[in-house]
Amino acid sequence: MALGLVTAGESHGPALVAIVTGLPAGLALDKEMIDADLRRRQQGYGRSPRQKLESDEVEVLAGLRHGLTLGTPLALVVRNRDHANWTWGMSPWPPDGDPSGKGAKPVTLPRPGHADLAGVLKFGHDDVRNALERASARHTAVHVAAGSVAKALLRELGIVVEGRPVEIGGETTDEAMRAATDEARKERHTLGGVVEVTATGVMPGLGSYAEKSDRLDGRLAAALMGVQAVKGVEVGDGFALARRRGTEAHDEIDPGLERRTNRAGGLEAGITNGEPLVVRAAMKPLPTLMRPLDSVDLATGEATQALVERSDVQAVEALAVVAEATVAFELARAALEKLGGDSLDDLLAAKRHYLERISARWRPR
Ligand SMILES: Cc1cc2nc3c(=O)[nH]c(=O)nc-3n(C[C@H](O)[C@H](O)[C@H](O)COP(=O)(O)O)c2cc1C
């Protein structure tokens, strides 16, 4: 069965939920490791005080017994602790009593760059909150939890996935990235940036060129573009390749079938080639601004300014964690497609058999 993921949950609703299907039985999961990834997502120099309110923790409702997967759907829950302040405003059922707390007043000032306007037009909402709650990146928390599970599976296969910020506000050193964030906070601006995800220990042969939809480069790009605020994805040297000659664009093959370079980022024709996987994602500056952009009040049609809500200055470090989880999930899906198996033992046996078959030719150092 293919690895699948479905998520639900609003930003200030009671909880976020993920159901992961297609995991083999017998995979050991560690709550501490999942919680550590959830914490990494919340940290970062450009994050807002909301992250201090939320200290995310995973609960498992199904699919796991005594720390081992059962080969059945795995149900993950991350509660929104901030929901305590929104119990009337975000009540799933018609709320009791007079409006109170946060979210009680309808939002009518759509923020450019958010789902606010397109969402209310599409779904016919009067309160912009009905669009922004789900479109918010808050639910990346359960994607990170699911990615953490995927990383546990990949670790069994010897694959390690890591994401990191490589550029914030146009700066590329840690010090300059922090300084740019400080300055943006002072000036009440927001910033974007670039994250890089690498995966090492990836065997050749994950993904396929058989159909467009099988290509792992396409699947990674779609999955990363599906993350809020990601506006571009490149694999390997990506856009820079467009400006090079052929002799400086490809990766020559040495005996043992190793490559001298890794400009392709570990993917050729949509298939892993045994070199480290390298993908990057570009994030736009966050659209909720403390110096709000011009907008229109949907209730009156009058020109006004967009809603100001507590927001991050930049979330590039957080995106690095989300992108890591996203790449891990797609890689785990591709590995299960290639190797299959209802139990972890079946999966590992299939890996051994496959590596033995290709070992006559593929002998990395
Ligand atoms: C980890 C993460 C955190 C984010 N935090 C914020 C935030 O605090 N404020 C904000 O305006 N946008 C934030 N965003 C971006 C918005 O969710 C996103 O821009 C918006 O939903 C519109 O989607 P689009 O940019 O993909 O078109 C964040 C995105 C990510 C991935």
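Up top is the structure.
Please read all numbers here as calculations on a predicted model, not as lab measurements. (Residues numbered from 1 in each chain as written. Predicted model: local features only at pLDDT ≥ 70, side-chain atom pairs only at ≥ 80, totals over all residues.)

**Q** Help me understand the overall build of the protein in this model?
**A** From N to C terminus, the protein includes ten helices and 17 strands. Scaling as 2.2 N^0.38, a compact globule of 365 residues should have a C-alpha radius of gyration of about 21 Å, and the protein matches this with 22 Å. With the principal axes as the frame, the protein shows a C-alpha extent of 70 × 50 × 35 Å. Looking at the protein as a whole, 40% of its 365 residues are labelled buried. (Helix = DSSP H or I, 4+ residues; strand = E, 2+ residues; numbered from the N terminus. Rg over C-alpha atoms; globule rule 2.2 N^0.38 Å. Buried ≥ 20, exposed ≤ 12 C-beta atoms within 10 Å, placed from the backbone.)

**Q** Looking at this model, I keep getting lost on the site of the ligand. Mind explaining?
**A** Taken together, 21 residues lie near the ligand, and Ala-137, Gln-228, Thr-288, Asp-312 and Ala-315 sit nearest. No other element matches helix H9 (residues 316–339), which puts three residues into the shell around the ligand. By residue class, the composition of the shell around the ligand is eleven nonpolar, eight polar and two charged. (Near = placed C-beta within 6 Å. Nonpolar A, V, L, I, M, F, W, Y, C, P; charged D, E, K, R; others polar.)

**Q** I would appreciate a short explanation of the sheet that holds strand E2 (residues 15–21) in the present structure.
**A** Hydrogen bonds between backbone groups are what pair the strands of a sheet, and the pairing can be parallel or antiparallel. Strand order in this open sheet of four strands is E1-E2-E7-E4, and the pairing throughout is antiparallel. A strand with exactly one partner marks an edge of an open sheet, and here the two such strands are strand E1 (4–8) and strand E4 (58–62). The sheet shows a mean angle of 20° between the axes of neighbouring strands, taken without regard to direction. The sheet contact formed by E4 and strand E7 (residues 74–79) spans four bridges and is antiparallel. Bridge pairing links Glu-59 to Val-77 in E7. The strands touched by helix H5 (residues 140–156) are E1, E2, E4 and E7; relative to E2, the strand with the most contacts, the crossing angle is about 30°. (Pairing = 2+ DSSP bridges. Axes fitted to C-alpha atoms, helices over the stretch in contact; angles between N-to-C directions. Contact = placed C-beta atoms within 7 Å.)

**Q** Which parts of the structure should I look at to understand the nonpolar core?
**A** Burial of nonpolar side chains together is a common tendency in soluble globular proteins. Judged by nonpolar contacts, the single largest core of 75 residues is most densely connected at Ala-145, Ala-146, Leu-154, Leu-319, Leu-331 and Ala-332. Looking at this core, the element that brings in the most residues is H9, giving 17 residues. Once residues lying within four places of it in the same chain are set aside, the contact partners of Leu-154 are Ile-159, Val-161, Ala-328, Leu-331, Ala-332 and Ala-335. Within the second largest apolar cluster, seven residues are counted, among which are Ala-115, Val-128, Leu-132 and Leu-298. (Core = buried A, V, L, I, M, F, W, Y, C linked by C-beta atoms within 7 Å.)

**Q** Could you clarify how one ought to interpret the sheet that holds strand E10 (residues 230–235) in this entry?
**A** Ordered by their spatial adjacency, four strands build an open sheet running E8-E9-E15-E10, and the pairing between neighbours is antiparallel. Unpaired on one side and paired on the other, strand E8 (160–168) and E10 mark the two borders of the sheet. On average, each strand axis in the sheet is tilted by 20° relative to the strand beside it, whichever way the strands run. Direction of pairing for E8 relative to strand E9 (residues 193–200): antiparallel, over a ladder of eight bridges. When the sheet's bridge partners are listed, Arg-164 is paired in E9 with Glu-196.

**Q** Honestly, helix H1 (residues 31–42) in this entry has me stumped. Any pointers?
**A** It helps to recall that an α-helix has 3.6 residues per turn; residues three or four apart then point in one direction. With twelve residues, H1 extends 17 Å between its outermost C-alpha atoms, agreeing within 8% with the 16 Å of an ideal straight helix rising 1.5 Å per residue. Within the span of H1, buried status applies to Ile-34, Asp-37, Leu-38 and Arg-41. End-on, the buried residues of H1 take up no more than an arc of 100°, which puts them together on one face. Turned more than 90 degrees away from the buried face of H1, the exposed residues are Glu-32 and Ala-36. Next to the buried residues of H1 lie E4, E7, H5 and H9. Of the residues one or two after H1, Gly-44 is the one with positive phi, at around 130°. (Expected span 1.5 Å × (residues − 1). Arc of directions from axis to C-beta.)

**Q** Quick question: what am I supposed to make of the environment of Trp-362 here?
**A** Tracing the backbone through its elements, the reader meets Trp-362 in the segment after helix H10 (344–358). Linking Trp-362 and Pro-204, residues 158 residues apart in sequence, is a C-alpha distance of 8.9 Å. Dropping the residues within four chain positions of it, Trp-362 is found in contact with Pro-204, Leu-257 and Gly-274.

**Q** In this structure, what is going on with the environment of Ala-8? I would like to understand it.
**A** Here Ala-8 is to be found in strand E1. The spatial distance from the C-alpha of Ala-8 to the C-alpha of Gly-265 is 33 Å, given a sequence separation of 257 residues.

**Q** Sorry if this is basic, but what is going on with unusual backbone geometry here?
**A** What is expected of a backbone is that most residues other than glycine have negative phi and most peptide bonds are trans. Not every positive phi belongs to a glycine, and Ala-229 is a case in point at roughly 75°. With respect to the helices, strands and loops of the structure, Ala-229 is situated in the loop between helix H7 (216–225) and E10. Residue Ala-229 is classed as buried on the basis of its C-beta count, with 20 C-beta atoms lying within 10 Å. Positioned with a positive phi, Ala-269 is a non-glycine residue whose angle comes to about 55°. Positionally, Ala-269 belongs in the loop between strand E13 (267–268) and strand E14 (271–272). Residue classification places Ala-269 among the exposed residues on the basis of 12 C-beta atoms within 10 Å.

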